[in-house]
Structure formats: structure tokens, C-alpha cells
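# Architecture and fold: a report
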Amino acid sequence: MIELDRSHLNFGSTLALDDCDLSINEGEQVALIGPSGSGKSSLLRVLATEHALVSGDYRHNGRSIGSLCSKALKNQRCDIAYIPQNLALVSNLKVSQNILLGKIGRQQLLASIKGLLIPSSNELQLVQKILSEVGIPEKLFHRTDSLSGGQQQRVAIARALYQEASLILADEPVSAVDPSRAHSLLECLTQMATKHTLTLICSLHNLEYAKKFFPRLVGMREGKIVFDGKSSEFTDQDFNSLYQLDRG
Ligand SMILES: Nc1ncnc2c1ncn2[C@@H]1O[C@H](COP(=O)(O)OP(=O)(O)OP(=O)(O)O)[C@@H](O)[C@H]1O
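What you see is a predicted model, and the numbers here were worked out from it, not measured in a lab. (Residues numbered from 1 in each chain as written. Predicted model: local features only at pLDDT ≥ 70, side-chain atom pairs only at ≥ 80, totals over all residues. Heavy atoms only, no water.)

With antiparallel pairing, 4 strands are arranged side by side in an open sheet as β2-β1-β4-β5. Of all the strands in the sheet, just β2 (14-24) and β5 (63-64) have a single pairing partner and so form its edges. Two elements, strand β4 (residues 55-60) and β5, share 2 bridges in a ladder whose sense is antiparallel. If you follow R59 over to β5, its bridge partner there is S64. Docked against the sheet, helix α1 (residues 40-47) engages β1 (2-11), β2 and β4, running at close to 120 degrees with respect to β1. (Pairing = 2+ DSSP bridges. Helix = DSSP H or I, 4+ residues; strand = E, 2+ residues; numbered from the N terminus. Contact = heavy atoms within 4.5 Å. Axes fitted to C-alpha atoms, helices over the stretch in contact; angles between N-to-C directions.)

Take a look at the structure:
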């Protein structure tokens, strides 16, 4: 279970998270929506433990993240797969190697280097299977920077699935893929999350996809959570107020 209590995060005078309370159960699938600059990425980065809260508390399965020693924090991070907007792929590595990097935090340094250079046939088969699921099996041994932006997004999703974390955080994971591919990728992500009881939190600008694929929406505006409820209960009025379309 993920819990945020009275959470604040600021960058200088910019309040990125303003008194956010949030509670997400294991296996829930939640879409984060809201205008640009509303705090969605900041919230995901806090949940990914990339940013520490300025005040408030972030608990994962009852354990306060702020109180963890560095070893416990490293273990915690292995259980969180984070797909940032910039994807964080290593451009001059092969696609297979970028996906194998998903488990690097779980291994000793030497074992991880060996696993990257000479992966076992079992690991490679698993990587190939996941790559097929995201629709680009033929790219296994291609250099990552030879792929299109949308294909690279699929590699980042494959890396997150390969990591076998219980929490997947995805920041606009389908922004660069065409509509039909975006649809099938979100379907793939949510189906995998359902199959393995993963918690999935995904920021999306496309409200249609958010409502279609995610049973719960969290709407942010100016660092605050201003909507938290069932997608089916998100009304046109909620939409207008979230995006302030009713203010002319
Ligand atoms: N590293 C940073 N340094 C300074 N300000 C930041 C930083 N990261 C975010 N901010 C500020 O915090 C606020 C929230 O930004 P955030 O990226 O979380 O919004 P967002 O909802 O994800 O936007 P978008 O949909 O455009 O990605 C913005 O005002 C942004 O300028």
C-alpha cells in the first residue's frame, strides 16, 4: 500500500506538491491527470523516491521512506519500476541490454556487468517475450538510438515489466506513439498489472485513455489533488474545473 500524508515538495518558490494526501492499495491502477505543471511528474518522482518530501510522510507498505537507511532504500527501489518522461535509456546500448538493466539494482556489480555482456539464454528468452508483448520483437539486438521515439517508449515499458517490481510508475508513457499503438500499449500495461497484481500509476494527458484503461483517476491542479475517485464518476464539470475551462 502506498500512502502520502500532508506531503509538500517545493523547488525554490514553486510549490510542486501542496499538502497532498493519497492512499493507493496494492494492485490498484490509477491515472494521474491535470494540466501541464500541475505536479504529476513531481508526485511520481516522490513515489519513485527520486525526490524527498520537504514535509509530510511517504509510506510504502507501512514503512516510512524518509526513515530508511541507504541499503533499505536501495532494496525498496528494486521494487519500484519508474518510467520517467525522458525514458532514461542508455542510447548506445542494445535494446536487450537496456531491458536487462531493469534488474541491475538486484545484482552485485560484477554479476550485473556479466549479465549485460553475456546474458543467459533464459534471461534473453524472457526479454524477447516481453519485447514481443510491447510489439517490437525484431528490435532485440538493435542499438537503442536507432529506434523511433515511440519504439524507445516501448523499450522503457519492457524494461519496467522485466524488472518485476510490484509498483510501476509511468510518466506519460505513450506520448510519442501513434494512437493505435498507444491504445495497445496501455492495454498491455494494464493487463500485465492485472495479471501480476501490480500497482500501476500512470500520468496521462489523454483523458479518453485515462478513463478507458484506469478505474481510478487522481486529478491535480497547482500541486494539489483536486479530484480522487472512480473514472466513471468523473464528470464534464470535474473536467472543466480541473482544467479551469469554466473561467473563460
Ligand atoms: N527540477 C525542478 N526544478 C524546478 N522546478 C521544477 C522542477 N520540477 C518541477 N518543477 C516545477 O514544479 C511544478 C510541477 O511540475 P511537474 O513537472 O510536476 O508538472 P506536470 O504536471 O508533470 O507537468 P507536465 O504535464 O507538463 O509534465 C512546475 O511549476 C514545474 O515548473
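In space, the 6 strands of this open sheet follow the order β6-β7-β8-β3-β9-β10, with mixed pairing throughout. In the strand order of this sheet, the two ends are held by β6 (80-83) and β10 (224-230), each with one partner. Here the average twist between neighbouring strands, direction ignored, is 15 degrees. Pairing between β6 and strand β7 (residues 167-171): 4 bridges, direction parallel. If you follow Y82 over to β7, its bridge partner there is L169. Of the strands in this sheet, β3 (29-33), β6, β7, β8 (199-203) and β9 (216-221) touch α1, which is tilted by about 150 degrees from β7. Across the face of the sheet, helix α7 (residues 179-195) comes into contact with β3, β7 and β8 while running at roughly 155 degrees to β8.

Turning next to the side chain of S231. With respect to the helices, strands and loops of the structure, S231 is situated in the loop between β10 and α9 (236-242). The class for S231 is buried, based on a relative accessible area of 4%. At a separation of 2.3 Å, a polar atom in the side chain of S231 contacts the main-chain carbonyl oxygen of F214. Ignoring anything within four residues of it in the chain, the contact list for S231 reads A210, K211, F214, P215, R216 and L217. (Buried < 20%, exposed > 50% of the residue type's maximum accessible area, 1.4 Å probe, protein only. Polar contact = N/O pair within 3.5 Å; in protein donor to acceptor, adjacent residues only side chain to side chain.)

α7 packs onto helix α6 (residues 149-163) with a crossing angle of 5 degrees between their chain directions and a minimal axis gap of 12 Å. Viewed along their axes, α6 and α7 adopt a mutual orientation that is roughly parallel. Residue-level contacts link R154, I157 and L161 of α6 to R181, L185, L189 and M192 of α7. Residues belonging to the contact of α6 with α7 are distributed by class as follows: 5 nonpolar, no polar and 2 charged. (Parallel < 35°, antiparallel > 145°, perpendicular 65-115°, else oblique. Nonpolar A, V, L, I, M, F, W, Y, C, P; charged D, E, K, R; others polar.)

Our focus in this paragraph is the nonpolar core. Residues V134 and L204 are the most contacted members of the largest nonpolar core, which totals 51 residues. Residues in contact with V134, not counting those within four places in the same chain, are R154, I157, A158, L161, R181, L185 and C188. L4, L22, L43 and I65 belong to the second largest nonpolar core, which has 27 residues in total. (Core = buried A, V, L, I, M, F, W, Y, C linked by side-chain atoms within 4.5 Å.)

Confidence in the prediction of the chain, expressed as mean pLDDT, is 91, and 99% of residues score 70 or more. Within the chain, helix α4 (residues 109-117) has the poorest average pLDDT of any element, 76, and β3 the best, 98. (pLDDT = per-residue confidence, 0-100.)

What follows covers the site of the ligand. In the vicinity of the ligand, 14 residues are found, and the nearest of them are S36, G37, K40, S41 and S42. In the model, an oxygen atom of the ligand is placed 2.8 Å from a nitrogen or oxygen of the K40 side chain. Interatomic distance of 2.7 Å between a side-chain N/O atom of S41 and an oxygen atom of the ligand. Across the complex, the protein chains shield 65% of the 630 Å² of accessible surface that the ligand would expose by itself. Going through the elements one at a time, β2 and α1 are the ones with two or more residues in the shell around the ligand. Residue contributions to the shell around the ligand peak at 4 residues, all from α1. (Near = heavy atom within 4 Å. Areas by Shrake-Rupley, 256 points an atom, 1.4 Å probe, with all protein chains shown as cover.)

Now for the pairing of β7. By the criterion of burial, β7 is predominantly enclosed, with 5 of the 5 residues buried. Neither face of β7 is exposed, since L167, L169 and D171 on one face and I168 and A170 on the opposite face are all buried. A crossover links β7 with its parallel partner β8, the connecting element being α7, and its sense is right-handed. (Right-handed = clockwise from strand over helix to strand, strands pointing away.)

On to the packing of aromatic side chains. Evaluation of the coordinates by the stated rule reveals 3 aromatic pairs. Geometrically, the ring pair formed by Y209 and F213 is tilted, given 6.3 Å between the ring centres and 50 degrees between the ring planes. Here Y209 pairs with F213, and both are found in helix α8 (residues 207-213), just 4 residues apart, close to one helical turn. Exposure class is identical for Y209 and F213. Each is buried. Considering the side-chain rings of F227 and F234, the 4.8 Å spacing of their centres and the 85 degrees angle between planes classify their relative orientation as edge-to-face. Taking relative accessible area as the criterion, F227 reaches 14% and is therefore assigned buried. Given the relative accessible area of 5%, F234 is considered buried. Just above the ring of Y162 sits the side chain of K103; from NZ or CZ to the centre is 4.1 Å. Above the face of the F213 ring, K212 is positioned so that its terminal group lies 5.8 Å from the ring centre. (Phe/Tyr/Trp six-rings, centres within 6.5 Å; stacked < 30°, edge-to-face > 60°. Lys NZ or Arg CZ within 6 Å of the ring centre and 35° of its normal.)

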